[in-house]
Amino acid sequence: MIALAKRLRWRVLVGLGMVLCHSAAAFAADYYDLHPQQIAADTYVFYGAQENFSFDNHGAIANTGFIVTDAGVIVIDTGPSRLYGRAMRAAIARVTDRPIAQVYITHAHPDHFLGNNAFEDVPIATLAGTIDQIKRIGPDLASNLYNLVGPAMRGTTARAPDQVVADGDTVVFGRHRLSLIGMRGHTGADLMVLDRTTGVLFAGDIAFYQRAATTPNADIARWEQSLAAAEQLDFRYLVPGHGPVTEDGAPLLQTAAYLNWLVSHFEAAAAVGRSEAEVLYDRLPPRWARLAVEPSEYQRSVSHLYPAIEQRSLSAPRAEGGAAAGS
Ligand SMILES: [Zn+2]
């Protein structure tokens, strides 16, 4: 009799657990219907929408990914919210029954790390600079995203990673040997993960493809150096932070060309004394007008970059010819 009661109670608990699990998954699925695309052996990507943050896309605008190894699953970036992270885990569980072993976060932008809440039982690692930035500006980034994205953000907080990695670290999971590469320029600290076993380079937002680069925390000169360094890496597939995966360095070249154009355009405008308001509505050349999220990303870059370039131009010593003409 006691055994029967115990068995019944167990069944009720299991049943209740299944209902709770199911409703959590269904709730996440209301916001995120995630389907991974396999891009190489053991390696999958969840493509983000090539769009601005919106209520419609629930903030899922960045690429995230995972590698299935004999030592567990490695996750690269956790997306914009707790529910996105949960949907990732549900989708990963449909591919493999291996547990999640490790999460790496590429950088401190909200579309890439705010899903950390869904991975509280897993070590989450990134560069030291990224942890500092998330601790400093993470709560503001999260509350901003609540405004832009709405209810899909429910339960999301800016959870900082708890493990530090450094440029040059090598880690091995099963047969996969990963190089962790510290870059900078898109933000103050940008991590790339290069799987030496498959040749897949998770480049984070150092590389954008067919979508305009975002520049709120950019140091363009350092970013250009990072792009040049990334071109020298031995990869076979490149996963940009935003845009399609390629089998060449096209996202690196396109990002470098766009940043170069952006700065040259701003410097030329500043040299002839054009104001920020004037530059804001410039027509983009067709090559760049075609990129996703233009012209709004260009206009944001005007506010991020133009004031400093204008200031430099104003304080630069006047050309010899100009001084002579005045005398
Ligand atoms: Zn991003």
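For the structure, check the block above.
Residues numbered from 1 in each chain as written. Predicted model: local features only at pLDDT ≥ 70, side-chain atom pairs only at ≥ 80, totals over all residues. Heavy atoms only, no water.

S.K.: When you look at the pairing of strand 8 (residues 170-173) in this model, what are you seeing that I'm missing?
M.R.: Put simply, side chains in a regular strand alternate between the two faces of the sheet. By the bridge criterion, four bridges tie strand 8 to strand 9 (residues 176-183) in an arrangement that is antiparallel. Within strand 9, the residue paired with Val-171 across the bridge is Leu-178. Where strand 8 folds back on strand 9, the antiparallel hairpin that results is connected by two residues, among which Gly-174 adopts a positive phi of roughly 55°. (Pairing = 2+ DSSP bridges. Helix = DSSP H or I, 4+ residues; strand = E, 2+ residues; numbered from the N terminus.)

S.K.: Mind showing me how you'd approach the coordination of the zinc ion here?
M.R.: In ideal tetrahedral geometry, four donors around a metal make angles of 109.5 degrees, whereas ideal octahedral geometry with six donors gives angles of 90 or 180 degrees. Note on the zinc ion: its protein donors are Asp-111 (OD), His-112 (NE2), Asp-205 (OD) and His-242 (NE2). The metal-donor distances range over 2.1 to 2.3 Å. In this structure, the zinc ion is coordinated by four donor atoms arranged in irregular fashion, with angles at the metal of 89 to 166°. The motif formed by the donor residues of the zinc ion, counted along the single chain, is D-H-x92-D-x36-H. Placement of the pair is Asp-111 in helix 3 (residues 110-113) and Asp-205 in strand 11 (residues 200-208), with a sequence separation of 94 residues. (Donors = N, O, S within 2.8 Å, 3.2 Å for Na, K, Ca; no water. Tetrahedral: all angles 85-135°; square planar, octahedral: opposite > 155°, others 65-115°.)

S.K.: Please explain the side chain of His-176 as it appears in this structure.
M.R.: By the secondary structure assignment, His-176 is in strand 9. Of the residues examined, His-176 reaches a relative accessible area of 1% and is grouped as buried. Within the structure, the side chain of His-176 is placed 2.6 Å from the side chain of Asp-195, a separation counted as a polar contact. When residues no more than four places from it in sequence are discounted, the contact partners of His-176 are Ala-41, Asp-42, Ile-67, Val-68, Thr-69, Val-171, Asp-195, Thr-197 and Thr-198. (Buried < 20%, exposed > 50% of the residue type's maximum accessible area, 1.4 Å probe, protein only. Polar contact = N/O pair within 3.5 Å; in protein donor to acceptor, adjacent residues only side chain to side chain. Contact = heavy atoms within 4.5 Å.)

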